[in-house]
Amino acid sequence: MDFVESKFVKEVSEITDNMYHQGWDERNGGNISYLIDEQFVREYFPKDVFLRDLELGFTADEVLRNKYFLVTGTGKYFKNVIKDPENNLGLVKIDSDGHTAHLLWGYRDGGRMTSEFPAHLMSHAVRFKANPNNRVIMHTHPTYTICMGACLPTDEVVFTRKLWKSNTEAVVVFPEGVGVLPCMVCGTNEIGMATAEKMKEHRIVTWTNHGIYGAGNDIDEAFGLIETVEKTAQIYMLTLGHVVNEIPDEVIIGLAKLWNLKMMPGVIEEK
Ligand code: 13P
Ligand code: ZN
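Residues numbered from 1 in each chain as written. Chains lettered and ligands numbered in written order. Predicted model: local features only at pLDDT ≥ 70, side-chain atom pairs only at ≥ 80, totals over all residues. Heavy atoms only, no water.

Asks: What exactly am I supposed to notice about the coordination of the zinc ion (ligand 2) here?
Replies: Tetrahedral coordination by four donors puts the ideal angle at the metal at 109.5 degrees, and octahedral coordination by six puts it at 90 or 180 degrees. Around the zinc ion (ligand 2), the protein contributes the donor atoms H139 (NE2), H141 (NE2) and H210 (NE2), at 2.0 to 2.1 Å from the metal centre. The sequence pattern describing where the donors of the zinc ion (ligand 2) fall on their chain is H-x1-H-x68-H. Taken together, the positions of H141 in the loop between β6 (136-140) and α6 (143-151) and H210 in the loop between β8 (204-207) and β9 (211-216) put the pair 69 residues apart, joining distant regions of the chain. On the accessibility criterion, H141 (14% relative accessible area) is buried. (Donors = N, O, S within 2.8 Å, 3.2 Å for Na, K, Ca; no water. Helix = DSSP H or I, 4+ residues; strand = E, 2+ residues; numbered from the N terminus. Buried < 20%, exposed > 50% of the residue type's maximum accessible area, 1.4 Å probe, protein only.)

Structure follows, in structure tokens:
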């Protein structure tokens, strides 16, 4: 079977289409990277034959060397992935010294990995060490999450508290809270390192005035985290200045107890 028919390409094509229709991924906004285990790569590529080499511009962590990633291309539009995956996606193998990505498939028009690949790979390394089942890093520009970040101080305790107090699902889906970065120049190693640092404690990190990163064991999990933050941010923004019924701290504590969750410290005071 051709790799274009694989479940991996299908999953990324379907989710990018979905995200485009959410209105989150204007133009080339957003990017996804998906770690694919070698055993699955071998079903389509019995041995490694590389089309070309792409410099990373940073050194990939040792845990990612010789690993394969399906990655959206820089400048490519999410709305177009489903129509032409082989041009808009690429399958790369990180080489053994961590400096180069070898291209096995995709980027047909001469393209390369997303400009946010530093943030993706650095986040993959941190999440993989925390949880060896992590496979997906997803970045997107959800409207209400960006609005909310513009209205609050860049403080993850404040941001997390506002989310937890707006939607009872929020603490259940992300009890470890949301990491928050200030507005920074994107596409750099610096924002990559800052994102990865936050990913040590959180599976979700917001980039103020820009968007959000989510990590997960699969596409559904990463998407589900982002979609829950975005839905909650929508509730927060639509009710801002009108709230009569805010979720009481005791209910948030009750939910955490019911689901046996370890809450991000400092957000809700346990009485
Ligand atoms: P790329 O087109 O390089 O993936 O960049 C899109 C984006 O969202 C930048 O943050
Ligand atoms: Zn972006």
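Still to come is the rest of the account.
Asks: Before we go on, may I ask you to explain the site of ligand 1 in this structure?
Replies: With respect to spatial proximity, the complete set of residues near ligand 1 consists of N28, G29, G30, N31, T74, G75, T114, S115, E116, H139, H141 and H210. Taking N31, its side chain carries an N or O atom lying 2.9 Å from an oxygen atom of ligand 1. Between ligand 1 and H141 there is a distance of 3.1 Å, counted from an oxygen atom to a side-chain nitrogen or oxygen. Taken together, the residues of the shell around ligand 1 sort by class into no nonpolar, 11 polar and 1 charged. (Near = heavy atom within 4 Å. Polar contact = N/O pair within 3.5 Å; in protein donor to acceptor, adjacent residues only side chain to side chain. Nonpolar A, V, L, I, M, F, W, Y, C, P; charged D, E, K, R; others polar.)

Asks: Whenever I open this one, the packing of aromatic side chains confuses me. Can you help?
Replies: The geometry of two aromatic rings is summed up by the distance between their centres and the angle between their planes. Tallying each qualifying case throughout the model produces 7 aromatic pairs. Relative to W105, the ring of F3 has its centre 5.0 Å away and its plane inclined at 80 degrees; by these criteria the two rings are edge-to-face. Of this pair, F3 sits in the segment before α1 (7-22) while W105 sits in strand β5 (residues 100-106); the two residues are 102 residues apart in sequence, bridging distant segments of the chain. Here F3 falls in the buried class, since its relative accessible area comes to 3%. (Phe/Tyr/Trp six-rings, centres within 6.5 Å; stacked < 30°, edge-to-face > 60°.)

Asks: I'm lost on empty space enclosed by the protein in this one. Help?
Replies: Going through the model one piece at a time under the given rule, you end up with 1 cavity of 30 Å³ or more. By volume, the largest cavity is sized at about 40 Å³. T145, I146, G149, F159, T206, W207, T208, N209, H210 and G211 are the residues that line the largest cavity. The set of elements that each furnish at least two residues to the lining of the largest cavity consists of α6 and β8. Class assignment of the residues belonging to the lining of the largest cavity gives a composition of 3 nonpolar, 7 polar and no charged. (1 Å grid on protein atoms, 1.4 Å probe; cavity = no way out; pocket = protein on both sides within 12 Å on 5 of 7 lines; lining within 4 Å. Points joined across faces, edges and corners; volume = space filled by probe spheres on them.)

Asks: What am I meant to see in unusual backbone geometry here?
Replies: With the exception of glycine, most residues fall at negative phi, and the peptide bonds are largely trans. Even without being a glycine, N66 presents a positive backbone phi close to 65 degrees. Mapped onto the secondary structure, N66 falls in the loop between β2 (52-55) and β3 (68-72). Of note, the phi angle at N260 is positive, near 60 degrees, even though the residue is not glycine. With respect to the element layout, N260 can be found in the segment after α11 (249-258). Under the relative-accessibility criterion, N260 is labelled exposed at 71%.

Asks: Where do I start with the side chain of H139 in this structure?
Replies: One can find H139 in strand β6. Exposure remark for H139: the relative accessible area of 1% places this residue in the buried category. Within the structure, the side chain of H139 is placed 3.1 Å from the side chain of H210, a separation counted as a polar contact. What H139 contacts, discounting residues up to four positions off in sequence, is D25, G30, N31, F78, E116, H120, W207, H210, G211, I212 and Y213. (Contact = heavy atoms within 4.5 Å.)

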